[in-house]
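Listed below, chain by chain, are the residues.
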Amino acid sequence: MGNIGELTKKVKRKALELGFARVGVTTADPIEGYEDELCRRHGYDLWNVADSESKLRLAARPREKVPGAKSVISLVRAVGRIDYPDGLLEHLGRIYLSRAYLPPDDTLEGKRVLLFEEYLESLGIHSLYDHTNMQLVDRAIAARAGLVTYGRNNFAYADELGSFIIFVTIPVDVELECEVHEPRRGCPDDCRKCVDACPTRAMDDDGALDPSRCVLYSNFRPGEYKDPAVTALIGQRVHGCDACQVACPRNAHVLAAPKAPDPYLDWLAGAFSLEEMLFCDEAYYEACIRPVMFNYIRDIDIFRQNAAIAMGNSGDVRHLPALRRAAAEGSEQVRRFAQIAIEQIERTAAEL
Ligand code: B12
Ligand code: SF4
Ligand code: SF4
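This is a predicted model, so every value here is computed, not measured. (Residues numbered from 1 in each chain as written. Chains lettered and ligands numbered in written order. Predicted model: local features only at pLDDT ≥ 70, side-chain atom pairs only at ≥ 80, totals over all residues.)

## Thoughts on the overall build of the protein
Working step 1: Across its full length, the protein carries 19 helices and 5 strands.
Working step 2: Computed over the C-alpha atoms, the radius of gyration of the protein is 21 Å, within 12% of the 20 Å expected from 2.2 N^0.38 for a compact globule of 352 residues.
Working step 3: For the protein, with 352 residues in total, the buried portion stands at 41%.
Working step 4: Of the contacts formed within the protein by residues at least 6 apart in sequence, a portion of 74% connects residues at least 24 apart. (Helix = DSSP H or I, 4+ residues; strand = E, 2+ residues; numbered from the N terminus. Rg over C-alpha atoms; globule rule 2.2 N^0.38 Å. Buried ≥ 20, exposed ≤ 12 C-beta atoms within 10 Å, placed from the backbone. Contact = placed C-beta atoms within 7 Å.)

## Section: the pairing of strand 2 (residues 71-78)
Working step 1: The element strand 2 is largely enclosed, with a buried count of 8 among its 8 residues.
Working step 2: Taking every second residue as pointing to the same face, both faces of strand 2 are buried, with S71, I73, L75 and R77 on one and V72, S74, V76 and A78 on the other.
Working step 3: Where strand 2 and strand 5 (residues 165-172) come together, 8 bridges link them in antiparallel fashion. When the sheet's bridge partners are listed, S74 is paired in strand 5 with T169. (Pairing = 2+ DSSP bridges.)

## Examining the sheet that holds strand 2
Working step 1: Taken together, the 3 strands give an open sheet; going across it, the order is 1-2-5, and neighbouring strands pair in antiparallel fashion. At either end of the open sheet lies a strand with only one pairing partner, and these are strand 1 (22-27) and strand 5. Going from strand to strand, the sheet's axes swing by 20 degrees on average, the running direction of each strand aside.
Working step 2: Inspection of the sheet shows strand 1 paired to strand 2 by 6 bridges, in the antiparallel sense. Each bridged residue has a counterpart across the sheet, and for V23 the counterpart in strand 2 is L75.
Working step 3: Along the sheet, helix 1 (residues 4-17) makes contact with strand 1 and strand 2, crossing strand 1 at roughly 145 degrees. (Axes fitted to C-alpha atoms, helices over the stretch in contact; angles between N-to-C directions.)

## Observations concerning the domain arrangement of the protein
Often the size quoted for an interface is simply the accessible area lost on bringing the parts together.
Working step 1: Under the domain assignment, the protein is made up of domain 1 (1-272) and domain 2 (274-352).
Working step 2: Taking only C-alpha atoms, the centre of domain 1 and the centre of domain 2 are 29 Å apart.
Working step 3: If you look at the interface, domain 1 gives 21 residues, while domain 2 gives 22 residues.
Working step 4: Elements represented by at least two residues in the side of domain 1 that touches domain 2 include exactly helix 6 (94-97), helix 10 (215-220) and helix 14 (263-271).
Working step 5: Classifying every residue of the side of domain 1 that touches domain 2 gives 13 nonpolar, 7 polar and 1 charged. (Domains from an automatic or database assignment. Nonpolar A, V, L, I, M, F, W, Y, C, P; charged D, E, K, R; others polar.)

In structure tokens form, the structure reads like this:
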């Protein structure tokens, strides 16, 4: 193994060669202030944050969470320059459509990570990255490595890439040349566009998020835990939400820039429909759901429930025949959500 500076340069160069837009390295020290902030916020009960050993709190202590970790490499994938079809953006967040968040090993994005790890190994650096589970707090690590500043909307922004970036955070067993930067927020003091744009009012005036009100949280929870006060506000979104990023002036140049087509997404835009999702079978799941919604949900019934919720929110009477069929034939939870959607559409129609 060469000297630390040379080794770090090689690692960074390889990351860029493999298509990561930014790369930084920081220490495996705990993230200061993170656990206090987490405990101060509402809505994190799902992660059991009162317990100091909870998954989310441990994720801010790299050395403790990942035995043997000596430095942490922060990799950034830029996903803002993809031409996401409007018909899909109505229903899904960009991070999921990009297929780059927590990518499985047998996908193109997963292979990119594996190639990077193979290279590390060839330099005598062992990757301690967990390919399947949340491991460390991505944004705070990237902020300490000097790659990003925060937005009031909680997002991490990498200057001209905006917030449409996804992190892969790789702890390693070697001391590399580390950078340690103070985290900071890069927003004008008087801007609240993100807070105002949130469809579910999930952030307070200063941007502190209540995750239990965030759209994605509602999307991934099973039916019995979905909060009706939130589902009524999520509109057509079945997997994620970009409203607080799209409203942000720090992203305006990314949204206005030329985009590259993604042929799979163009195909998916023609194949995706809420009705197909409502009756999702194995074949439809494999072609249209798994490739963009593989991250959190393992129970196909939850996708069916999300489709019923979006149909109900649309108020569109054309959905009624499909919903009636689902209310008769679906599982208990699908029947329940289909029935709620039918009543919602009938109410909307009666009010017109
Ligand atoms: C749990 C989780 C969720 C939860 C809770 C989200 C949350 N904000 O806490 C739910 C399910 C709701 C969720 C939703 C989403 N998520 Co999520 N999520 C995570 C996860 C696993 C942990 C986040 C976490 O630590 N939360 C706890 C809070 C306390 O930490 P934090 O969000 O980083 O907040 C810090 C900042 O607010 C910061 N801060 C803000 N201003 C300032 C100012 C100063 C001066 C300082 C010091 C600090 C500071 O302080 C906090 C503590 O450090 C990460 C992946 C990972 N392994 O880290 C992805 C991650 C945060 N999610 C991501 C995304 C894209 C989303 C969604 C957009 C998905 C979607 N399309 O719907 C939404 C966005 C919600 C939002 N506004 O943040 C991306 C964000 C990418 C980016 N550019 O920032 C991440 C990083 C995944 C990834 N690998 O790229 N998510
Ligand atoms: S991702 Fe959507 S629901 Fe979550 S905080 Fe942002 S605007 Fe609100
Ligand atoms: S909308 Fe305004 S306050 Fe919110 S993240 Fe963007 S610049 Fe910051």
